[in-house]
Amino acid sequence: MNMHKALISVLVVAGAFLLTAAPVWSGGAPPFVPKVAHDYNNDDFSDLMYLDPSNSLLFQLQLQGTSILPGSTSVFTLPANWVVSQDGDFDNTAGTDLLLRETTSGLLFELLLSGTTILPSSTSVFTLPGGWSVLSTGDYNKDNFVDILLTDGSQLLFALLIQGTTILPASTSVFTMPAGWSLEGSGDFNNDGYTDMLLNDGSGLLFALIVQGTTILPASTSIFTMPAGVTVVGIGNYDGLNSADIMLRDAAGQLTALLLNGTAILPSSGGVFNASGFSVRASGDYNNDGRSDLMLENASSLAFELLLNGTTVLPASTSVWTSPAGWQIVP
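The structure reproduced in this document is the subject of the present report. Position numbers for residues count from 1 along each chain, tracking the sequence in the order it is written. In keeping with the predicted nature of the model, local features appear solely for residues at pLDDT of at least 70, side-chain atom pairs appear and are counted solely at 80 or more, and the whole-chain, interface and lining totals rest on all residues. Water and hydrogen atoms were dropped before computing side-chain values, which therefore reflect all heavy atoms in the structure.

### Quick word on the pattern of salt bridges
Inclusion rule: Any Lys or Arg side-chain nitrogen located within 4 Å of an Asp or Glu carboxyl oxygen qualifies as a salt bridge. Every helix listed is a DSSP run of H or I at least four residues long, and every strand listed is a run of E at least two residues long, numbered separately from the N terminus. In this scheme, a residue with accessible area under 20% of its type's maximum is buried, one over 50% is exposed, and one in between is partly exposed, where area comes from a 1.4 Å probe on protein chains only.
Tallied over the entire structure, the rule returns two salt bridges. Between Arg 281 and Glu 297 there is a salt bridge, with the nearest N and O atoms lying 2.8 Å from each other. On the criterion of sequence distance, the pair formed by Arg 281 in strand E30 (residues 278-284) and Glu 297 in strand E31 (residues 293-298) is long-range, its members being 16 residues apart. You can call Glu 297 buried: its relative accessible area is 6%. The closest approach of N and O atoms between Asp 289 and Arg 291, which form a salt bridge, is 3.6 Å.

In structure tokens, the structure reads:
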């Protein structure tokens, strides 16, 4: 019995599973349903997943606004050489799942979750060829199942289109980035329900690769050139206007929201908050208002919700909790 089957067998015996199968869509294109990022318990509030590196334990911190829910608990212990690669709703059950990677073999494993319960449909989905890696996740073909964006190590972007744990035959290469270019992240920049890609040309130029499935649209274009020392720290819908926006940070810690309508920068873009002393760990909708917020963390492991309405910091912004020493927010 291989490693992933052994793990699932142990968990089934332990009674950790709900005996429900992951749905797989059939019969035409489903209606597109936007989903809340990092929402592990499917309550429309973003949550946090922590890793305790001392014992490889994953701990789910369930949040509603700035309140920690009593359902927060440990979820899974990673086997040796396994890491959390990405997250997303891979089985289209609305709750967020985890994509794990076995570092020696390149095996990708979907840990399908219902809150803190591991589903029996959890299984391996793909083995990365040598030199390949996972870059991002998103719904690239607009079927409500999260897909996986890979690179072959030579700048080729490959969309692994999946429904649950089934790889679709439409999976294919999308684009070969020029030398020096890299992926900053994924988001729906033109508000058509298909996840797009944000690229960086290596000199600070941000380029939106607008895609439908694996087709690159002519609307793809450059958006903005970042000044020296400025980096992308988040992609989300910060103003609630549906198109993905970009959060930037300069060397002094100043956060600036680049608010977009498609690839056009809105005049409402501007400075948000000076996060000196904090790192941006995630973008998510922590207060369930339809706008992306930021989760910050300082060197003392204090997690702070920066609740946003565009460039306005809401007065409800506050610290959430302090994680035990050494714990890390993943993915």
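### Here we look at the pairing of E31
Note the following rule: Strands are labelled as partners when DSSP assigns at least two bridges between them.
Among the six residues in E31, six count as buried, and that is most of the element. Of the two faces of E31, both are covered, the one formed by Asp 293, Met 295 and Glu 297 as well as the one formed by Leu 294, Leu 296 and Asn 298. In terms of strand pairing, E30 meets E31 through six bridges, oriented antiparallel. Looking at E31, one finds that Ala 282 is bridged to Met 295. Pairing geometry for E31 and strand E32 (residues 302-306), over four bridges, is antiparallel. Its bridge partner being in E32, Glu 297 is matched across the sheet by Ala 303. With antiparallel pairing between neighbouring strands as the criterion, E31 and E32 make up a hairpin whose turn holds three residues, including Ser 301 at a positive phi of roughly 70°.

### Focus on the packing of aromatic side chains
As a reminder of what qualifies: Pairing of aromatic side chains here covers Phe, Tyr and the six-membered ring of Trp, requires ring centres within 6.5 Å, and sorts the geometry by plane angle: under 30 degrees stacked, over 60 edge-to-face, intermediate tilted.
If you walk through the whole model with that rule in mind, you get nine aromatic pairs. With 5.5 Å between their ring centres and 65° between their planes, Trp 82 and Phe 109 make a pair best called edge-to-face. Of this pair, Trp 82 sits in strand E6 (residues 82-88) while Phe 109 is found in strand E8 (residues 107-111), placing the two residues 27 residues apart along the sequence. What makes Trp 82 buried here is its relative accessible area of 6%. What makes Phe 109 buried here is its relative accessible area of 1%. The rings of Tyr 50, Phe 59, Trp 321 and Trp 327 are connected pair by pair, giving a single aromatic cluster.

Honestly, it's all geometry; don't read function into it.
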